[in-house]
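# Coordinate analysis (summary)
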Amino acid sequence: MNLEILNLYLYWRTRISMIRRLLLFLVPIFGFSQGYTSYFTGNPINVNPTTEYGVCLMGGATENDNAMTWLLEKANGGDIVVLRSSGSNGYNDYLYSDLGVTVNSVETLVITSVAGATNPYVLDKVSKAEMIWFAGGDQWNYVSYFKDNALEDLLNYHVNVKHAPIGGTSAGMAILGGIYFSAENGTITSAQALNNPYHPNATLGGFIGTEPNNDFLNVPLLGNLITDTHYDNPDRRGRHVAFIARFFPIISVKGIACNEYVAVCIGNDGIAKVYGDYPNYNEFAYFILPNCNIGNSVYCQPNQPLTWNFGGQAIKVYKVPGTMNGTNYFDLSDGWQNGGVGGSWEHWSVINGVFSSVAGTAQSCALSNSNFENESLKLFPNPVENIIYVEGLFNFNFEVYDSLGKKILDSYSTSNAIDVSSLTTGFYLLKIFSDGKTTIRKFIKNN
């Protein structure tokens, strides 16, 4: 009898152990199947305080406490949602209690699929958030999970209708520009991008052809702009310039970049405060724009090294040291002409894929013809099959660019007609030069 009891005990102990192992196996499958995991800290009862708009861009290393405090305060004691695609609850205590700013709750949502991004629970939490923070990681996960669905709509509602604060670090900063490096095929180095601006890894979003269309996040003051991070480790200035060069001269795309331990905090007044630990460390933010006086001086072609020189002054950059209290700043409303406080101008250029940087001067666009456009100028027919006409204009120079920004026609019309019969079906941009003015128009070529 004792042997029978022992055998029965061993049998059920084995069965219970198997069941436990099965349950442990099923738990992560359930978590994966719903596409998200939640980590919650604070008061579960929702509050609804009035918020103030602000955006915080962080360079990718340890968060700057003063910059994060600046952003948290704009949530006015509300609920904070952290969005990430990997990791766990590392932000919860930091945002809830470590910084000394009172908030109602902090919830981290680790989203691993489109199903997770569009789960009703996730959408409800994002819709009620007074502040949203994107963690670092892989920005392609954010783009592929969050874009073109209900979560994207809520994120844009958060900043444009609710006027609530938002920010991100590393990958989270990368997606906040109206034009963005998506990293769909992985990262890309400066050397790779400078030697081929259309490298397969140089995947950019936020535009059609070379026209910005804000197809993902439409953050105020960051529309026609590309951000980049980890600027000092590794050196990403070259790849950032290569990204911007792909749009020039059709449009003048700007850039904002941060060294790893630097944060840029932008209020609704357009003042971009720069936080860091300068002069103890070389911590800078960069505000980048093409020189407005250079015309079409860029050689940016697939599988060819980039050249964008203009006597070493192709790109104007205002370099701002980050301080602990954010006293240095750049004014996004007029700083592209005048700079800001506490920084200095640099000139950047590229010759045959080699990047250079020297001390520079402020932008001066008073005599630039690229600022003028004939608003009344019309094209017909559009779409076009063979000949497109420019209404009321005769004898002019013109250039035609394809959807990749590559110039494919450069000629002079002795009438008002342009022969486009050689073009393949697709979207094109026509740049017309006449009477000291430059006009850009879109057209569609049909066969």
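The preceding data block contains the structure.
The structure reproduced in this document is the subject of the present report. Since we're looking at a predicted model, the values are computed, not measured.

Conventions we followed
Residues numbered from 1 in each chain as written. Predicted model: local features only at pLDDT ≥ 70, side-chain atom pairs only at ≥ 80, totals over all residues. Heavy atoms only, no water. Helix = DSSP H or I, 4+ residues; strand = E, 2+ residues; numbered from the N terminus. Buried < 20%, exposed > 50% of the residue type's maximum accessible area, 1.4 Å probe, protein only. Contact = heavy atoms within 4.5 Å. Arc of directions from axis to C-beta. Polar contact = N/O pair within 3.5 Å; in protein donor to acceptor, adjacent residues only side chain to side chain. Core = buried A, V, L, I, M, F, W, Y, C linked by side-chain atoms within 4.5 Å. Salt bridge = Lys/Arg side-chain N within 4 Å of Asp/Glu carboxyl O.

### Comments concerning the environment of Ser-170
Residue placement: Ser-170 occurs in the loop between β6 (166–169) and α8 (171–174). A residue is classified by how much of its surface remains accessible, and Ser-170, at 14% relative accessible area, is buried. For the pair Ser-170 and Asp-138, spaced 32 residues apart in the sequence, the C-alpha separation amounts to 8.8 Å. In contact with Ser-170, other than residues within four places in its own chain, are Met-58, Gly-59, Gly-60, Gly-136, Thr-229 and His-230.

### Overview of helix α5 (residues 120–128)
Val-122, Leu-123, Lys-125 and Val-126 are the residues of α5 that are buried. Burial along α5 is one-sided: seen end-on, the buried residues are contained in an arc of 165°. Buried positions along α5 lie against β1 (36–42), β3 (79–84), β4 (105–111), α4 (114–117), β5 (131–134) and α7 (150–160). Among the residues of α5, the N-terminal cap falls to Asn-119, whose side-chain oxygen and the backbone nitrogen of Tyr-121 are separated by 2.9 Å.

### A few points about the nonpolar core
Residues Leu-83, Leu-95, Ile-111, Phe-134, Phe-146 and Phe-287 are the most contacted members of the largest nonpolar core, which totals 72 residues. With five residues, helix α2 (residues 65–73) is the single largest residue contributor to this core. The residues contacting Phe-134, other than those within four sequence positions of it, are Leu-83, Tyr-142, Phe-146, Leu-155, Ile-166, Gly-167, Gly-168, Thr-169, Gly-172, Ile-175, Leu-176 and Leu-217. In terms of nonpolar packing, the next biggest core, distinct from the first, is built from 39 residues, Ile-188, Ala-242, Ile-244 and Val-317 among them.

### Looking at the pattern of salt bridges
Side-chain pairing between opposite charges can occur once the charged atoms of the two side chains come close. In total, this model carries 11 salt bridges according to the counting rule given. Taking the shortest distance from any N to any O, the salt bridge between Glu-52 and Lys-74 comes out at 3.1 Å. Of this pair, Glu-52 sits in the loop between β1 and β2 (54–58) while Lys-74 sits in the loop between α2 and β3, and the two are 22 residues apart along the sequence. Between Glu-107 and Lys-125 there is a salt bridge, and its shortest N-O distance comes to 3.5 Å. Of the two residues, Glu-107 sits in strand β4 while Lys-125 sits in helix α5, which places them 18 residues apart along the sequence. Taking the relative accessible area as the measure of exposure, Glu-107 reaches 2% and is therefore buried.

### Re unusual backbone geometry
With omega at -10°, the peptide bond leading from Phe-380 into Pro-381 counts as cis. Geometrically, the link from Asn-382 to Pro-383 is a cis peptide bond, its omega value of 15° lying close to zero. Mapped onto the fold, Pro-383 is located in the loop between β23 (379–380) and β24 (387–390). The phi torsion at Asn-352 lies on the positive side, around 50°, for a residue other than glycine. Note that Asn-352 resides in the loop between β21 (344–351) and β22 (354–359). Under the relative-accessibility criterion, Asn-352 is labelled exposed at 52%.

Purely geometric numbers; function is a separate question.
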